[in-house]
Amino acid sequence: MSPMALQDEDDELMRRVTARDRRAFEALYQRYAGRLHRYLTRLIGNPEVTEEVLDDVMLVVWQSAGRFNYTSRVSTWIFGIAHHKSLKARARLSGQRAETPLGGDEIAEADGPLDATVRGEISRLVARELDALPPEQRAVMELTLYDERSYREIAEITRSPINTVKTRMFHARKRLAPLLAALGPGPRRTPQESAG
Amino acid sequence: MTAVGLGHDEVWALLPWSANGTLEGAEEAAVASHLLTCAACREEI
């Protein structure tokens, strides 16, 4: 189905949800739960809290459907709610989680040719560094890489100016660059591997 | 379509959205033409 047809269907579902049609709400839920769950998981981490926030987002959709104005896309509106809720959940959790951004030494150790173990370790460090990004930078990365959003849509979802979206992406990429460069374009073999 | 002339820094900033296929025509054309001559940006993609 074309993107335009999907948007028309979304609009129609929203009209029915506004009229308190539960089957339309279920259809909307089926359409978005998977995507929202992936996004929230990446931003929040904690599975239980992710489930709670997902329920919370869909409750707001059910209760506030009448406030949707049909000038933006339904998916942008729903992700805007999810974005707001996920930042609040992260803030709540951040007191409980020990966040330890990487020091330069750990990255420097990764210099030189890499065997599979080291590559695995660096992938783990990338995941950790992604977790350590400021939430707004992380959100821009996730929406771009995994939800394939345009920078205009991300500006709408995060309620930020377009230049702010680009600046957040810029800083996130600069921060991850040393690790991504260490990972390199593909598996590399070292002479020691066969000797081991 | 007229390709917008964009400098290296502007193109570099747009690469993630070029990679996810959401750039609009003129910007995508500007990125594509920059990639022809810039090895650093090609590597990033």
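Values in this document were obtained by computation on a predicted structure and should not be read as measured data.

Caption draft 1: Representation of the side chain of T22(B) in the model. Looking at the element boundaries, T22(B) is found in the loop between α1 (8-19) and α2 (25-37). In this structure the side chain of T22(B) is engaged in a polar contact, spanning 2.6 Å, whose partner is the side chain of N20(B). The contact partners of T22(B), leaving out residues within four places of it in the chain, are E148(A), R149(A), S150(A) and W17(B).

Caption draft 2: Quick peek at the pattern of salt bridges. All names here are of chain A. Summed over all chains, the structure comprises 15 salt bridges over all chains. Note that R31 is salt-bridged to D10, the shortest N-O span being 2.7 Å. Within this pair, whereas R31 is found in helix α2 (residues 22-44), its partner D10 is found in helix α1 (residues 3-18), the two being separated by 21 residues in sequence. Classification of D10 by relative accessible area gives buried; the value is 6%. The closest approach of N and O atoms between E129 and R175, which form a salt bridge, is 3.4 Å. Taken together, the positions of E129 in helix α6 (residues 116-132) and R175 in helix α9 (residues 162-183) put the pair 46 residues apart, joining distant regions of the chain.

Caption draft 3: Geometry of the packing of aromatic side chains. Scanning the entire structure with this criterion turns up six aromatic pairs over all chains. Ring centres of F68(A) and W77(A) lie 5.4 Å apart, and the angle between their planes is 55 degrees; on these two criteria the pair is classed as tilted. Grouped by ring-pair contacts, the aromatic residues F68(A), Y70(A) and W77(A) constitute a single cluster. Note that R173(A) overlies the ring of W12(B), its terminal NZ or CZ placed 3.5 Å from the centroid. Sitting above the plane of the W12(B) ring, K174(A) keeps its charged end 4.8 Å from the centroid.

Caption draft 4: Region of interest: the nonpolar core. Within the largest apolar cluster, 55 residues are counted, with the highest numbers of intra-cluster contacts made by L28(A), L36(A), V61(A), I78(A) and W17(B). Apart from the residues lying within four places of it in its own chain, the contact partners of W17(B) are V140(A), T144(A), R149(A), S150(A), Y151(A), I154(A), V165(A), K166(A), M169(A), T22(B) and L23(B). Core analysis: the second largest hydrophobic core is formed by five residues, I122(A), L125(A), V126(A) and A182(A) among them.

Caption draft 5: Layout of α2(B). Residues and elements named next belong to chain B. The terminal C-alpha atoms of α2, which comprises 13 residues, lie 19 Å apart, in line with the 18 Å expected from a rise of 1.5 Å per residue. Listing the buried residues of α2 in full gives E27, A30, V31, H34 and L35. Down the axis, α2 shows its buried residues gathered within 135 degrees of arc, on one side only.

Caption draft 6: Spatial organisation of the interface of chain B and chain A. Each partner contributes residues to the interface: chain B has 12 residues there, and chain A has 14 residues. Roughly 1,100 Å² is buried in total at the junction of chain B and chain A, and carbon and sulfur atoms are behind 61% of that figure. In this assembly, chain B and chain A are joined by two salt bridges. The salt bridge involving E44(B) is made with R173(A); its shortest N-O contact spans 3.2 Å.

Procedures and definitions
- Chains are numbered independently. Their residues run from 1 in the order of the written sequence.
- Working convention: letters from A go to chains and numbers from 1 go to ligands, in the order in which they are written.
- Side-chain atom pairs in this predicted model are given and counted only at pLDDT of 80 or more, local residue features only at pLDDT of at least 70, and totals for whole chains, interfaces and linings cover all residues.
- Side-chain descriptors were evaluated using all non-hydrogen atoms of the structure, hydrogens and water having been removed beforehand.
- To qualify as a helix, a DSSP run of H or I must reach at least 4 residues; to qualify as a strand, a run of E must reach at least 2; elements of each kind are numbered from the N terminus.
- Think of a polar contact as two N or O atoms within 3.5 Å of one another; within protein, one of them needs to be a possible hydrogen donor and the other a possible acceptor, and neighboring residues in sequence only count if both atoms come from side chains.
- Contacts: residue pairs with any heavy atoms within 4.5 Å of one another.
- Only one rule defines a salt bridge in this text: a Lys or Arg side-chain nitrogen within 4 Å of an Asp or Glu carboxyl oxygen.
- Only protein chains enter the area calculation, which uses a 1.4 Å probe; residues under 20% of their type maximum are buried, those over 50% are exposed, and those in between are partly exposed.
- Put simply, two rings from Phe, Tyr or Trp (the six-membered ring, in Trp's case) pair if the centres are within 6.5 Å, and we call them stacked under 30 degrees between planes, edge-to-face over 60, tilted for the rest.
- Geometrically, a lysine NZ or arginine CZ counts as sitting over a ring once it is within 6 Å of the ring centre and also within 35 degrees of the ring normal.
- Here, nonpolar core refers to any group of buried Ala, Val, Leu, Ile, Met, Phe, Trp, Tyr and Cys residues whose side-chain atoms link them within 4.5 Å.
- Here a helix's expected span is defined as the number of its residues, less one, multiplied by 1.5 Å.
- Each direction from the helix axis to a C-beta atom contributes to the arc, which is the arc of those directions.
- Here's the idea: put two parts together, see how much 1.4 Å probe accessible area each one loses, and the total over both is what we call buried area.

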